[in-house]
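Next come the chains, spelled out residue by residue.
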Amino acid sequence: MKIIRSPQAMTAWSENLRRQGVTIGFVPTMGALHDGHRELIRAARLRCDALVVSIFVNPTQFGPQEDLAKYPRPISRDRALCRKEGVDVCFEPTAEAMYPNGFQTMVTLPIIARRWEGEIRPHHFSGVATVVTKLFGIVCPQVALFGQKDFQQSALVQQLVKDLNLGVEIVVCPTVRETDGLAMSSRNVYLSQEDRKRAVTLYKSLRAGAEVIRRGVTDGKAVQSAMAYVLKKEPAMTIDYLALCNPSTLEPLCDVTSRVVLLGAVRLGSVRLIDNLLVILPWGLPNRARRL
Ligand code: PAF
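This one's a predicted model, so the numbers in the text were calculated from it and none came from an experiment. Think of each chain on its own: its residues are numbered from 1, step by step along the sequence as written. Restriction of local features to residues with pLDDT of at least 70 applies here, the model being predicted, together with a cutoff of 80 or more for giving and counting side-chain atom pairs; totals for whole chains, interfaces and linings are based on all residues. Side-chain metrics in this entry use all non-hydrogen atoms of the structure; hydrogen atoms and water are not considered.

Whenever Lys or Arg places a side-chain nitrogen within 4 Å of a carboxyl oxygen from Asp or Glu, that contact is recorded as a salt bridge. On inspection of all chains with the given rule, the structure shows 18 salt bridges. Across the salt bridge formed by Arg-187 and Asp-67, the nearest N and O atoms sit 2.9 Å from each other. Highlighted residues: Arg-187 in the loop between β6 (169–173) and α8 (193–199) and Asp-67 in the loop between β3 (50–55) and α3 (75–84), separated in sequence by 120 residues. Put simply, Arg-272 and Asp-240 hold a salt bridge, and the shortest N to O gap is 2.8 Å. Here Arg-272, found in strand β9 (residues 271–280), pairs with Asp-240, found in strand β7 (residues 237–245); they are 32 residues apart in sequence, far enough to count as distant. The helix count covers DSSP runs of H or I at least four residues long, the strand count covers runs of E at least two residues long, and both are numbered beginning at the N terminus.

So this is what it looks like as structure tokens:
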């Protein structure tokens, strides 16, 4: 496996392969790789001839009070995982190479990025959109893979690619969970032992929402109450948002439709957890629309 640190060398590597007709798959990450990343890498392997993983803790997507300095950076372990999974290149640029003196341009956000994470972390998505646009320009992949765990981020990247004609196919892979259901995340390492046990309550709450929908409840407020009821049993958690949304626009829904996404974000001590469940009723809405 090659380790490339300079953006110019990365582009040269990709351009050379693309001239030979090789398909390049790309998994952008901030490192601290876990089984969720491993699944993205494996899914990319199946689709592409050559595989690039970027490891870059992107400073522009962290707010001033956030965890940029203490974000986990286990680089040797990350490289070992990439090597084992047959990654061809680990692209590890420095912050100076990505944002040299004089850097000025940031991507303006689409509507889909305004609510939810966008509201709570005001600088976050503009940093994500900018770095993803830069990484696509540097790595020149035909296909890039993202995890459903960051549902709003995936939606943003799809909009970005469409609006800016970036010419990259975006594949969104299912969330990988721990055995108790907690969504895998690099930030789970911050959880104390006690909070780790509590953390699964977010998933349980989303499951409760999905369950009432499947039982025929169509009132959005009733679905939200079912989710909140579960979360409130865990007083250590505070809710940032719990929402029932249209999965394409991320606008909140008053009534359940045949496709909804349940979004949740909570705080547990100093750790923020986000998760989501996509609920698709393939037979359409149940006949008996019940209200709780
Ligand atoms: O999801 C992440 O790890 C990051 O937001 C990404 C897409 C690598 C951009 O820095």
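Cavities and pockets were defined on a 1 Å grid built from protein atoms only: a cavity is a group of points that admits a 1.4 Å probe but offers it no way out, a pocket is an open group of points flanked by protein on both sides within 12 Å along at least five of seven lines, and a lining residue is one with an atom within 4 Å of any such point. Grid points are joined across faces, edges and corners, and a volume is the space filled by probe spheres set on the points. Overall, the coordinates contain one cavity of 30 Å³ or more when judged by the stated rule. Of all the secondary structure elements, the ones that give two or more residues to the lining of the largest cavity are α9 (201–214) and β9. Residues are sorted three ways: Asp, Glu, Lys and Arg are charged, Ala, Val, Leu, Ile, Met, Phe, Trp, Tyr, Cys and Pro are nonpolar, and all the rest, Gly among them, are polar. Taken together, the residues of the lining of the largest cavity sort by class into seven nonpolar, one polar and two charged.

We now examine the sheet that holds β6. At least two bridges found by DSSP between two strands is the condition for calling them paired. The parallel open sheet is built from six strands, whose spatial order is β1-β4-β3-β2-β5-β6. Strand pairing shows two members of the sheet lacking a second neighbour, β1 (2–4) and β6, which therefore form its edges. This sheet shows a mean twist of 25° between the axes of neighbouring strands, independent of strand direction. Sheet topology note: the strand β2 (residues 24–29)/strand β5 (residues 143–147) ladder contains two bridges and is parallel. Bridging across to β5, Gly-25 finds its partner in Val-143. Sitting on the sheet, helix α6 (residues 124–139) is in contact with β2, β3, β4 (89–91), β5 and β6, with an inclination near 145° to β2. Geometry is summarised by axes, namely lines fitted to C-alpha atoms with helices restricted to the contacting stretch, and by angles between N-to-C directions that run from 0 to 180 degrees. By definition, residues are in contact when any of their heavy atoms lie within 4.5 Å.

Bringing the sheet that holds β7 into the picture now. Taken in spatial order, the three strands make up an open sheet running β7-β8-β9, and their pairing is antiparallel. The open sheet has two edge strands with one neighbour each: β7 and β9. Here the average twist between neighbouring strands, direction ignored, is 10°. Bridge count between β7 and strand β8 (residues 259–268): eight bridges; the pairing is antiparallel. Within β8, the position partnered with Leu-244 by the bridge is Leu-262. Docked against the sheet, α9 engages β7, β8 and β9, running at close to 20° with respect to β9. Contacts from helix α10 (residues 220–232) reach β7 and β8, with the element oriented near 155° to β7.

Residues in close proximity to the ligand include Pro-28, Thr-29, Met-30, Asn-58, Gln-61, Val-128, Val-131, Phe-146 and Gln-153, which together make up its full environment. Between the ligand and the protein, one listed contact pairs an oxygen atom with a side-chain N or O atom of Gln-61 at 2.6 Å. For the ligand, the accessible surface in isolation is 290 Å², of which the surrounding protein chains cover 88%. Listed by contribution, the elements that provide at least two residues to the shell around the ligand are β2 and α6. Throughout, the term near means that a residue has one or more heavy atoms lying within 4 Å of the molecule or strand in question. We define a polar contact as two N or O atoms separated by no more than 3.5 Å, with the added condition that, inside protein, one atom must be a possible hydrogen donor and the other a possible acceptor, whereas residues neighbouring each other in sequence contribute only through side-chain atom pairs. Note that accessible areas follow from Shrake-Rupley with a 1.4 Å probe, and for residues the cover is restricted to the protein chains shown.

Contact pair α6 / helix α7 (residues 151–163): the axes reach a minimum separation of 10 Å and the direction vectors enclose 50°. Considered as vectors, α6 and α7 are oriented oblique to each other. The handedness of the crossing between α6 and α7 comes out as right-handed. Contacts between α6 and α7 involve Phe-125, Val-128, Ala-129, Val-132, Thr-133 and Phe-136 from the former and Gln-152, Gln-153, Leu-156, Val-157, Leu-160 and Val-161 from the latter. Broken down by class, the residue content of the contact of α6 with α7 amounts to nine nonpolar, three polar and no charged. Roughly parallel means an angle under 35 degrees; roughly antiparallel, over 145; roughly perpendicular, 65 to 115; everything else is oblique. Left-handed is the label given to a crossing in which the near helix is rotated counterclockwise from the far helix by less than a right angle, and right-handed is the label when the rotation is clockwise.

On to the nonpolar core, then. The biggest cluster of nonpolar side chains holds 45 residues, and the ones touching the most others in it are Met-10, Val-52 and Phe-136. Per-element tally for this core: the top contributor is α6, with nine residues. Discounting residues that sit within four places of it in the chain, Met-10 has contacts with Ile-4, Val-52, Val-89, Phe-91, Ile-138 and Val-139. Ala-199, Val-217, Leu-273 and Leu-277 belong to the second largest nonpolar core, which has 31 residues in total. Here, nonpolar core refers to any group of buried Ala, Val, Leu, Ile, Met, Phe, Trp, Tyr and Cys residues whose side-chain atoms link them within 4.5 Å. Each residue's exposure class comes from its accessible area (1.4 Å probe, protein chains only) as a fraction of the maximum for that residue type: buried when under 20%, exposed when over 50%, partly exposed otherwise.

Take unusual backbone geometry next. Phi at Cys-140 takes a positive value of approximately 50°, unusual for a residue other than glycine. If you trace the backbone, Cys-140 turns up in the loop between α6 and β5. Not every positive phi belongs to a glycine, and Leu-250 is a case in point at roughly 65°.

Shape is all these values report; function is a separate question.
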